[in-house]
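Residues per chain are reported as follows:
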Amino acid sequence: MNKILVIGSGAREHAIVRALDRSPQEKEIFCLASNMNPGIAELCDELAVGNFNDPAFVVSYAKETGATLAIIGPENPLANGVADALWEAGIKVVGPKKDLAQLETSKAFTRDLLKSYNIPGGPKYQTFNVMNGVADFLNELGENYVVKYDGLMGGKGVKVAGDHLHSHEEAIAYCQELVDSDGEFVIEEKFVGEEFSLMSFCDGDNLKHMPAVQDHKRAYEGDTGPNTGGMGTYSDANHSLPFLNDNDIAEAHAINIATAKALKDKFGEGYKGVLYGGFMATANGVKLIEYNARFGDPEAMNVLSLLESDFIDICNAIADGTLDQIDVQFANKATVCKYTVPEGYPDSPVKGEHIDVSGTSNPDGLFYASVDIQNGQLVEAGSRTVAVIGLADSISEAEAIAEKEVSSITGPLFHRKDIGTDAVIQKRVDHMGALRSKC
Ligand code: AMP
Ligand code: GLY
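What counts, and where the lines are drawn
- Residues numbered from 1 in each chain as written.
- Chains lettered and ligands numbered in written order.
- Predicted model: local features only at pLDDT ≥ 70, side-chain atom pairs only at ≥ 80, totals over all residues.
- Heavy atoms only, no water.
- Near = heavy atom within 4 Å.
- Polar contact = N/O pair within 3.5 Å; in protein donor to acceptor, adjacent residues only side chain to side chain.
- Areas by Shrake-Rupley, 256 points an atom, 1.4 Å probe, with all protein chains shown as cover.
- Nonpolar A, V, L, I, M, F, W, Y, C, P; charged D, E, K, R; others polar.
- Buried < 20%, exposed > 50% of the residue type's maximum accessible area, 1.4 Å probe, protein only.
- Helix = DSSP H or I, 4+ residues; strand = E, 2+ residues; numbered from the N terminus.
- Contact = heavy atoms within 4.5 Å.
- 1 Å grid on protein atoms, 1.4 Å probe; cavity = no way out; pocket = protein on both sides within 12 Å on 5 of 7 lines; lining within 4 Å.
- Points joined across faces, edges and corners; volume = space filled by probe spheres on them.
- Pairing = 2+ DSSP bridges.
- Axes fitted to C-alpha atoms, helices over the stretch in contact; angles between N-to-C directions.

Novice: Explanation requested: the site of ligand 2 in the structure shown.
Specialist: Within the structure, ligand 2 sits among D215, G229, Y276, N292, R294, G296, D297, P298 and E299. Contact between ligand 2 and D215: a nitrogen atom at 2.8 Å from a side-chain N or O atom of the residue. Contacts to ligand 2 include E299, whose side-chain N or O atom sits 2.8 Å from a nitrogen atom. Here ligand 2, which alone exposes 200 Å², has 89% of that area covered by the protein. For the shell around ligand 2, the class distribution of residues is 2 nonpolar, 3 polar and 4 charged.

Novice: Whenever I open this one, helix α12 (residues 311–320) confuses me. Can you help?
Specialist: Helical periodicity: at 3.6 residues per turn, an α-helix aligns residues three or four positions apart in one direction. The buried fraction of α12 is high, at 8 of 10 residues. Within the sequence span of α12, burial applies to F311, I312, I314, C315, N316, A317, I318 and A319. For α12, the side-chain oxygen to backbone nitrogen distance between the N-cap and I312 is 2.9 Å, and the N-cap itself is D310. The first or second residue beyond α12 is G321, which carries a positive phi of 80°.

Novice: Which parts of the structure should I look at to understand the environment of I395?
Specialist: As for its placement among the helices and strands, I395 is situated in helix α13 (residues 395–407). Once the C-alpha coordinates of I395 and T421 are considered, the two residues, 26 residues apart in sequence, prove to be 7.8 Å apart. Once residues lying within four places of it in the same chain are set aside, the contact partners of I395 are Y234, S235, D236, P242, A334, V336, G420 and I425.

Novice: What is the right way to read the side chain of S240 from this model?
Specialist: Residue placement: S240 occurs in the loop between β15 (232–235) and α10 (246–267). In this view, S240 contacts A212 and I249; residues no more than four positions away in its chain are not counted.

Novice: Is there a simple way to explain the layout of surface pockets in this structure?
Specialist: Gaps left between atoms show up when a probe the size of a water molecule is rolled over them. Of the voids in this model, the second largest pocket is the one considered here, and its volume is about 450 Å³. Among the elements of the structure, α1 (11–22), α2 (38–43), α11 (299–306), β19 (366–368), β22 (386–392) and α13 are those that each provide at least two residues to the lining of the second largest pocket.

Novice: What is the right way to look at the site of ligand 1 in this model?
Specialist: Taken together, 14 residues form the shell around ligand 1, and within it K107, E188, F191, E195 and E290 come nearest. With respect to ligand 1, the side chain of E188 contributes an N or O atom lying 2.9 Å from a nitrogen atom. Contributions of two or more residues to the shell around ligand 1 are made by β7 (145–149), β8 (158–160), β9 (185–189) and β17 (285–292). When its residues are assigned to classes, the shell around ligand 1 shows 6 nonpolar, no polar and 8 charged.

Novice: Sorry if this is basic, but what is going on with the sheet that holds β7 here?
Specialist: In sheet architecture, strand pairing relies on hydrogen bonds along the backbone and comes in two forms, parallel and antiparallel. The sheet built from 4 strands is open, its strands ordered β6-β9-β7-β8 with antiparallel pairing. If you trace the sheet from one side to the other, it starts and ends with β6 (125–128) and β8, each paired once. Between one strand axis and the next, the sheet turns by 15° as a mean value, whatever way the strands run. Pairing analysis gives 3 bridges linking β7 to β8, with the strands arranged antiparallel. When the sheet's bridge partners are listed, V146 is paired in β8 with V160. Along the sheet face, helix α8 (residues 134–141) touches β6, β7 and β9 and points at about 20° away from the line of β9. The strands touched by helix α9 (residues 168–180) within the sheet are β7, β8 and β9, with β7 carrying the most contacts at an inclination of about 15°.

Novice: Help me out: how do you make sense of the sheet that holds strand β11 (residues 207–209) in this one?
Specialist: Spatially, 4 strands are ordered β11-β10-β16-β17 in an open sheet, and the strand pairing comes out antiparallel. The two strands at the open ends of the sheet, each matched to only one other strand, are β11 and β17. Adjacent strand axes in the sheet meet at a mean angle of 35°, parallel and antiparallel pairs treated alike. Pairing of strand β10 (residues 193–203) with β11 involves 3 bridges; the strand directions are antiparallel. Following the sheet pairing, S200 is matched in β11 by H209.

Written out as C-alpha cells, the structure reads:
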C-alpha cells in the first residue's frame, strides 16, 4: 500500500494530488495544507491544516499518517530542511534536501555552481554585500544589468534594467537599500529573449525531461503591471514552444543534466526532486535565468495534465534512484492554463469574498489554489484563486477551452484573456525571429 503525504495546498499541489489519484495502485493520500483546498480534500484520505515549514511538525504528522513517501510542493519547506528531517525519520522524499535546495534559495550559489563546473548559460555577474565595486561593475555592464537580492523573495527581489530600474543612480539606490538591510545581492548581465520553463524529474543521477512551458509573470494583459507568481502558461503538442528550435530544447536539457551532475559532485549526494530551469532563449543560445527546486506553479498543471505514466511510480523512482527504469510519457497535446485572481492582486487583493465555480463544465480541468470555505461557501483567500486548463491538439484550441472555463467563474476576480491567444504567440515568435536574424 502506498501511503503518500503531499505538502502544500495550492493549485500545484491539487495537480500533484490529481496525478497521484489517477494511478491504479492501491494508495492513501494525505495533505499537510496551509488552507482548506476543497479539490485536494475531496481526493485525499485526510487534509490537515498546519505549519508545513516546521520540519519537526511535518515529521510528526507524517508519522501519524504512516506515510512512506512525501512530496514537497512549495519552496519554503525545502529551504527549511523539511526534506532532510523526513529522510532522517525514514520517510522517502520527492524534493531536495536543504543544501541542494540552495539552487533556488540562493542566486549566488547557483551562479557560482554553474561557473565552477563550466556549465554554459550563465551571465557575467558579481556578488556584493557592500557598495564597494558596485558602480564599477554597473559601468562594465552598461545598460544591460539586473540586481537580485540573494534570498527567497517570491520574485520581488529582482530588479531589471529598463523595467524596474531606469538609471545607474536608481540601481545604486536599490543596492544601498539591500546593504542597509544586511542583504547580499548579485548584479548580473541582462539577457534579451523569450523565457521558458524546462522541468526535469531527477533521482540524483538520472533525469527525465518534461515538456517546455511558457509562463506569464506580469499581472495584466500585454505583459504589463506588477510581477506575480504567474498568471498563466501554455505548452505545445510537440513538447517544444513555437518560438524555440530543437537546439534550444537540447541546450536546456544539457544544462539541467550538467547541473544535477555538479550538485552530486559538490555534495556527494544527488538531487531528488523536480529540477526547474527558468531559461531564456536568446540570439546567442539558451541562458539560465534561475533555478527552482520544485514544480512550477502554474507549470505543474500543464505538464501533469499531460502525464500518461504512473505518477506514483515516478515519485518512488525519484526517491529510490531508479528513474532510468521508468518510461515517462506525456500526451502529444497542447495545454493552456489560466489563473483567475482576486481584484487588486497582487498588491492589494480583496479577501474573503464569495466566488462561484458552478458554471464551469470540466471539473477535471479545475485546480483550486488560494481559496477557503467560510460558512459552507467558497471564498477567495487573497492570492491566485483558481486555475483552469484547456487541453487540445493546438494551443489555439486549448486557449479557447481555458478562456471559456475561466470566464465562467464569477466573483470579484480577474484573469488575463491574452495568454495563449494566436496574437500573443505570434508576438513571441516574431520577437525571437527578429533577435535571431540580427546575428
Ligand atoms: P528570477 O527570480 O531570478 O527568476 O527573476 C525574476 C524575473 O526577472 C525573471 O523571470 C526574468 O523575467 C527577470 N530576470 C532575472 N534575471 C534576468 C537576466 N539575467 N536577464 C533578463 N531578465 C532577467
Ligand atoms: N511559474 C513560476 C514559479 O513557479 O516560480
